[in-house]
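Summary of the model geometry
This is what each chain is made of:
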Amino acid sequence: VEHRLYVKMADVTHTIAAKLKKDLVVEGKDEVILADTSVKLMMKLHQIYSGTVKFESGNSKILDLSKAEFIYDNFGASKVGIFYKFKEELNALKKVFGAENLTTELEEFDNTNKSIALQIVSGREGISLRKAEALVYYNIDFSATSYWQSRDRMTTKDRLDSDVYWIFAEGGIEDKIY
């Protein structure tokens, strides 16, 4: 069963996204966000609406913890599998959840009450998240293969239903990708 949940992002997220759409560049004190092609614009907006960004220099930064906080507030008491797309999203999750509630290791997930965070592409196949109460997607990938394979990580012959939660930014681009 798929659920789409929407997060009100911080004003700065929408301000940066609007400026990037208008000017195709956002220059900060030390870093630059450049969207000089339509594909780069889409990728940068995808990052920004997740609350993170990778700069032209290769550095990345958390801009907004709203999504990570929403996931923690709504699923922090449960044992869930969390899929993220961009590496900086994992840092946002770690910052909000803390080491005592989140792991990136399958063995630790299976043997503790911790939730697990996996990058969509690397966690989409070959593993079982059967002990998860639900799957939560911090972000969505463009790949149909990623969509189908990662959603299937909770499937077992004994489980009749699985809940999958998509966390989308209000006014973001995730709905269009979905």
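Residues numbered from 1 in each chain as written. Predicted model: local features only at pLDDT ≥ 70, side-chain atom pairs only at ≥ 80, totals over all residues. Heavy atoms only, no water.

Take helix H3 (residues 66-75) next. Each α-helix turn comprises 3.6 residues. Residues three or four places apart therefore point the same way. Taken together, the buried positions of H3 are occupied by Ser66, Lys67, Ala68, Ile71 and Phe75. Looking at the packing, one finds that the buried side of H3 touches strand S1 (2-7), strand S6 (80-84), helix H4 (87-97), strand S9 (134-137), strand S10 (164-169) and helix H8 (174-177). (Buried < 20%, exposed > 50% of the residue type's maximum accessible area, 1.4 Å probe, protein only. Helix = DSSP H or I, 4+ residues; strand = E, 2+ residues; numbered from the N terminus. Contact = heavy atoms within 4.5 Å.)

Of all 5 residues in S6, 5 are buried, a share of seventy percent or more. Of the two faces of S6, both are covered, the one formed by Val80, Ile82 and Tyr84 as well as the one formed by Gly81 and Phe83. Bridge analysis of S6 against S9 gives 4 bridges, and the strand direction is parallel. Residue Val80 lies in a different strand from S9, and its bridge partner there is Ala134. Sheet analysis places S6 next to strand S8 (residues 115-119), joined by 4 bridges and oriented parallel. (Pairing = 2+ DSSP bridges.)

With that settled, the discussion passes to the nonpolar core. Formed by 48 residues in total, the largest nonpolar core has its most connected members in Leu20, Ile71, Ile82, Leu93, Leu129, Val136 and Tyr138. Contributing elements (two or more residues each) for this core: helix H1 (11-23), helix H2 (38-48), H3, S6, H4, S8, S9 and S10. Examining the composition of this core, we find that 6 residues originate from one element, S10, more than from any other. The contact partners of Ile71, leaving out residues within four places of it in the chain, are Gly76, Ile82, Leu93, Phe97, Val136, Tyr138 and Ile167. (Core = buried A, V, L, I, M, F, W, Y, C linked by side-chain atoms within 4.5 Å.)

Moving on: the packing of aromatic side chains. Enumeration over the complete set of coordinates arrives at 6 aromatic pairs. Geometrically, the ring pair formed by Tyr72 and Phe97 is edge-to-face, given 5.0 Å between the ring centres and 85 degrees between the ring planes. Separated by 25 residues along the polypeptide, Tyr72 in helix H3 and Phe97 in helix H4 bring together distant segments of the chain. With relative accessibility at 31%, the residue Tyr72 sits in the partly exposed group. Of the residues examined, Phe97 reaches a relative accessible area of 2% and is grouped as buried. (Phe/Tyr/Trp six-rings, centres within 6.5 Å; stacked < 30°, edge-to-face > 60°.)

For the rest of this paragraph, the subject is the side chain of Glu88. Among the secondary structure elements, Glu88 is positioned in helix H4. Lacking a salt bridge, the buried Glu88 has Lys95 as its closest oppositely charged neighbour, with an N-O distance of 8.3 Å. A polar atom in the side chain of Glu88 sits 2.6 Å from the side chain of Ser60. If sequence neighbours within four positions are ignored, Glu88 has contacts with Thr52, Ser60, Lys61 and Ile62. (Lys, Arg positive; Asp, Glu negative; His and termini not counted. Salt bridge = Lys/Arg side-chain N within 4 Å of Asp/Glu carboxyl O. Polar contact = N/O pair within 3.5 Å; in protein donor to acceptor, adjacent residues only side chain to side chain.)

Glancing now at the packing of H1 against H2. Running from amino to carboxyl end, H1 crosses H2 at an angle of 175 degrees, the nearest separation of the two axes being 10 Å. By the angle class used here, H1 and H2 are roughly antiparallel. When H1 is examined against H2, the residues Thr13, Ile16, Ala17, Leu20 and Lys21 are found in contact with a partner set consisting of Leu41, Lys44, Leu45 and Ile48. (Axes fitted to C-alpha atoms, helices over the stretch in contact; angles between N-to-C directions. Parallel < 35°, antiparallel > 145°, perpendicular 65-115°, else oblique.)

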